[in-house]
Amino acid sequence: MVSLSLCGGGGLSIRNPHNLSSHNSAIPNSIVFSRTRNASFFTNPLGNHSQNVSFSVKSQYMKPQEPQQRFSSYDTPSSSQTGQLPPRYYVGYSVYKGKAALTVEPRSPEFAPLGSGAFKLSKEGCVSLQFAPAVGVRQYDWGRKQVFSLSVTEVGHIISLGAKDSCEFFHDPNKGRSDEGKVRKVLKVEPLPDGSGHFFNLSVQNKLLNVDESIYIPITKAEFAVLVSSFNFIIPYLIGWHTLANTMKTDDANRTNNANPRSADFEWNR
């Protein structure tokens, strides 16, 4: 039972005479409310005129020790705290089939410094498609992988494909150089005959290495939906728009911090 009693100094004391169990050991045996002047949150009804008093709670037990803070798997210390660059993360989406495997990975854009100290986008990012032929049951020869890098526009083209649509991309990595035409890469994305997805077919002719290879892999509707969703998410990052968004957030925070707090008070006090 909890008892309440008025203290001689005009305070109010609440006591719990019973021993506390291990389940409520954080509750104090005694809480004392002391009376102070010039407060306005309790009215004393005993006198002819109401008096304003307030209460302060004094805890008569030791505060439990705070648990030590730890970084979760999602927390990364900033470079200013560690004196090192922030860690890099490598992500991708892979599809494994009987004839081949396909891994899709984003590649970051590049920025060039300006004389003003700012940075300007110098090269857009891309999406790397890596095809590896199968050499056994769930075994793939990644040493023979062939790579095709999709530009931002090509990524948008794949996103816009319907169930019966197809597209074809041609790349010459040495275009504009002395070896132009000696390496040819053709990526075809075509609908499967039964409408269950798309074929991804990469043909590579490399006269420099005497390579002539074609790797194809079927992609189901569900797998294609994952690719499209991932492409939609990553496009703003490939063209560097996320850096502008971060800058805008910083500018907004600075404007908020530098704003005159009296202006808000003035609006509410009118």
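Refer to the structure presented above.
As the structure is a prediction and not an experimental result, all values here were calculated from the model. (Residues numbered from 1 in each chain as written. Predicted model: local features only at pLDDT ≥ 70, side-chain atom pairs only at ≥ 80, totals over all residues. Heavy atoms only, no water.)

Enquirer: Can you tell me about the packing of aromatic side chains, naming the residues and giving the values?
Expert: Enumeration according to the criterion identifies four aromatic pairs in this entry. Geometrically, the ring pair formed by phenylalanine 199 and tyrosine 216 is edge-to-face, given 5.6 Å between the ring centres and 75° between the ring planes. One end of the pair, phenylalanine 199, is in strand E16 (residues 197–206); the other, tyrosine 216, is in strand E17 (residues 211–220), and 17 residues separate them in sequence. The partly exposed category is assigned to tyrosine 216, whose relative accessible area is 39%. (Phe/Tyr/Trp six-rings, centres within 6.5 Å; stacked < 30°, edge-to-face > 60°. Helix = DSSP H or I, 4+ residues; strand = E, 2+ residues; numbered from the N terminus. Buried < 20%, exposed > 50% of the residue type's maximum accessible area, 1.4 Å probe, protein only.)

Enquirer: Please set out the sheet that holds E17 residue by residue, giving values where relevant.
Expert: Taken together, four strands build an open sheet; the order of strands is E14-E15-E16-E17 and the sheet is antiparallel. For this open sheet the edge positions go to strand E14 (167–171) and E17, each flanked by a neighbour on one side alone. Pairwise comparison of adjacent strand axes, ignoring direction, gives a mean angle of 10° for this sheet. Direction of pairing for E16 relative to E17: antiparallel, over a ladder of ten bridges. Within E17, the position partnered with valine 204 by the bridge is glutamate 213. (Pairing = 2+ DSSP bridges. Axes fitted to C-alpha atoms, helices over the stretch in contact; angles between N-to-C directions.)

Enquirer: Can you break down the pairing of strand E8 (residues 100–107) residue by residue, with the values?
Expert: Of the strand pairs in this sheet, strand E7 (residues 93–96) and E8 are connected by four bridges, and their pairing is antiparallel. The residue bridging tyrosine 96 from the neighbouring strand is alanine 101, located in E8. Counting the residues in the hairpin turn of E7 and E8 gives three residues.

Enquirer: Tell me about the layout of surface pockets, and name the residues and values.
Expert: Of the voids in this model, the largest pocket is the one considered here, and its volume is about 860 Å³. In this structure, the largest pocket is lined by 21 residues; those nearest its centre are Tyr89, Val91, Pro106, Ser108 and Ile234. For the lining of the largest pocket, the secondary structure elements donating two or more residues are E8 and helix H3 (221–238). The biggest single contributor to the lining of the largest pocket is H3, with seven residues. Looking at the lining of the largest pocket residue by residue, the class counts come to 14 nonpolar, four polar and three charged. (1 Å grid on protein atoms, 1.4 Å probe; cavity = no way out; pocket = protein on both sides within 12 Å on 5 of 7 lines; lining within 4 Å. Points joined across faces, edges and corners; volume = space filled by probe spheres on them. Nonpolar A, V, L, I, M, F, W, Y, C, P; charged D, E, K, R; others polar.)

Enquirer: So what's going on with unusual backbone geometry? Which residues, and what values?
Expert: Phi is positive for arginine 138, which is not a glycine, with a value near 55°. On the secondary structure map, arginine 138 appears in the loop between strand E11 (126–136) and strand E12 (139–140). Here asparagine 210, not a glycine, exhibits a phi torsion of approximately 55°, which is positive. On the secondary structure map, asparagine 210 appears in the loop between E16 and E17.

Enquirer: Which residues make up the pattern of salt bridges, and what values do they have?
Expert: Here the structure, examined in full by the defined rule, presents four salt bridges. For lysine 97, the salt bridge identified is with glutamate 223, shortest N-O distance 3.1 Å. One end of the pair, lysine 97, is in the loop between E7 and E8; the other, glutamate 223, is in helix H3, and 126 residues separate them in sequence. A salt bridge links aspartate 179 to lysine 182; the nearest nitrogen and oxygen atoms lie 3.9 Å apart. Judged by relative accessible area, aspartate 179 falls into the partly exposed class, the value being 27%. Judged by its relative accessible area of 35%, lysine 182 falls in the partly exposed class. (Salt bridge = Lys/Arg side-chain N within 4 Å of Asp/Glu carboxyl O.)

Enquirer: Can you explain the side chain of lysine 185? Please cite residues and give values.
Expert: Of note, lysine 185 is situated in strand E15 (residues 183–191). Of the buried charged residues, lysine 185 lacks a salt bridge, with aspartate 172 as the closest side chain of opposite charge at 9.3 Å. Reaching out from lysine 185, the side chain makes a polar contact with the backbone oxygen of valine 147 at a distance of 2.7 Å. What lysine 185 contacts, discounting residues up to four positions off in sequence, is Val147, Phe148, Phe169, Phe170, His171, Pro173, Ser203 and Val204. (Lys, Arg positive; Asp, Glu negative; His and termini not counted. Polar contact = N/O pair within 3.5 Å; in protein donor to acceptor, adjacent residues only side chain to side chain. Contact = heavy atoms within 4.5 Å.)

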